Amino acid sequence: MQKKPLVVLTGPTAVGKTKASIDLAKAVGGEIISADSMQVYRYMDIGSAKIRKEEMCGVPHHLIDVLEPREEFHVVKFQKLAKEAMEGIYSRGHLPIIVGGTGFYIQALLYDIDFTESTQDDALRKKLSVYAKEEGAEALHEKLRLVDPKAAEDIHANNVKRVIRALEFYAQTGERISEHNETERQKESPYQFAYFVLNDNRERLYERINRRVDQMLDDGLVEEVRFLKERGYTKDLVSMQGLGYKEILEYLDGDCTLEEAVYKIKRDTRHFAKRQITWFKREREVIWVEKEAYHYEEQLMLDYMLDVLRKRQILT
RNA sequence: AGGGGAUUGGUCAAGUGGUAUGAUAGGGGUCUCCAAAACCUUUGGCGGGGGUUCGAUUCCCUCAUCCCCUG
């Protein structure tokens, strides 16, 4: 059976994905699926740098504004919703374009990683989390060493979150997560794809980030967060832990000045961008599109991407 | 102009007669159910020049720069 076509357009935050994605979608008759862990939430527009209706230029967008801030969102949910959206797109004879900066989500979809063997077990997670707090991260790590030495070696003891996940996996499936991951890692993508990573030199990127944060403030980020706060959304919600939201919330709660909050948003966004780049460097089969190499000419970058799509017979 | 004080990595601070500590920023990395999360790791430095001393970042002199006070 012929593999279905799929285009990924990603890159660090603030690099200019949104703009490029519209140009690309219009050129190929594509529909966009957002791979973004924050833009799924309604009312979180400014801080998540969500695309505005009028910017879409008629290009259909999926997985934007589909959840209430109180709802949980994670890879598995993303994978499920994205696959559903893709079915619809294929049925319309269109090309799906994944756009967004969450590398993990892209990976889950592109390689169709299997998460379904175990279901989330909040009680067990909580129990293990308490254990870690009371007995120490080392003690928890030791538990993992007993059942899955390989995973224990790979995961640092301080990384409690992942130690817990590994233990949970073993408890629920009787299988070692290290082995499971190894198998999944071998997987070949079920899609005929092109994975573009839009990037810029670090200095420029950081400047753009700083400027964009200032712009968000001008656009009313504080009011947006105040609105969310008034609606009863609190900082323990995953949605409210997004960049820009947790810091402004802290300010509104009187725990820091606005200036400090802005400083932190900029800094943490820069850190985030750095981590994203690290992720994409490690990802297999990515095609880097360095803006500098194209002299920041959008048309040249678009032409290059279209060329790749034709060569790979994603476009005919 | 006179008097006083300061000068330690990009920034902010600690410290010692045997060449230095931390925070933070910056760099690199891990990641297969909270990923805008969580975690690991790391490059940089004693303003310039003299002197005392076995040895000066530390003490003395001088120059530079900055700050304060007086005029």
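First things first, this report covers the structure right here in the doc.

Each value, and the rule that gives it
Residues numbered from 1 in each chain as written. Chains lettered and ligands numbered in written order. Predicted model: local features only at pLDDT ≥ 70, side-chain atom pairs only at ≥ 80, totals over all residues. Heavy atoms only, no water. Salt bridge = Lys/Arg side-chain N within 4 Å of Asp/Glu carboxyl O. Helix = DSSP H or I, 4+ residues; strand = E, 2+ residues; numbered from the N terminus. Expected span 1.5 Å × (residues − 1). Buried < 20%, exposed > 50% of the residue type's maximum accessible area, 1.4 Å probe, protein only. Contact = heavy atoms within 4.5 Å. Pairing = 2+ DSSP bridges.

Concerning the pattern of salt bridges
Considering all chains together, one arrives at 26 salt bridges under this definition. Salt-bridge contacts for R52 lead to E54; the nearest nitrogen and oxygen are separated by 3.2 Å.

Focus on helix 1 (residues 17–28)
Across its 12 residues, helix 1 extends 16 Å between first and last C-alpha, which sits within 8% of the 16 Å expected from 1.5 Å per residue. Turning to helix 1, its buried residues are K17, A20, S21, I22, D23, L24, A25 and V28. The inward-facing, buried residues of helix 1 abut strand 1 (4–10), strand 2 (30–34), strand 3 (61–62), strand 4 (95–99), strand 5 (191–199) and helix 13 (298–311). Backbone geometry just downstream of helix 1 places G29 in the positive-phi region, at approximately 65°.

Some points on the pairing of strand 4
Burial analysis of strand 4 places 5 of its 5 residues in the buried class, the great majority of the element. Burial along strand 4 is two-sided: L95, I97 and V99 and P96 and I98, pointing in opposite directions, are all buried. Across 3 bridges, the pairing between strand 1 and strand 4 is parallel. Its bridge partner being in strand 4, V7 is matched across the sheet by I97. As paired elements, strand 2 and strand 4 share 5 bridges and run parallel to each other. Note that in strand 4 the partner of I33 across the bridge is I98.

What about the pairing of strand 1?
Of all 7 residues that make up strand 1, 5 are buried, and the element is covered over most of its length. Pairing of strand 1 with strand 5, which is carried by 7 bridges, proceeds in the parallel orientation. For P5, the partnering residue across the bridge sits in strand 5 and is Q192.

So far we have only geometry, and geometry alone does not tell us how the molecule works.
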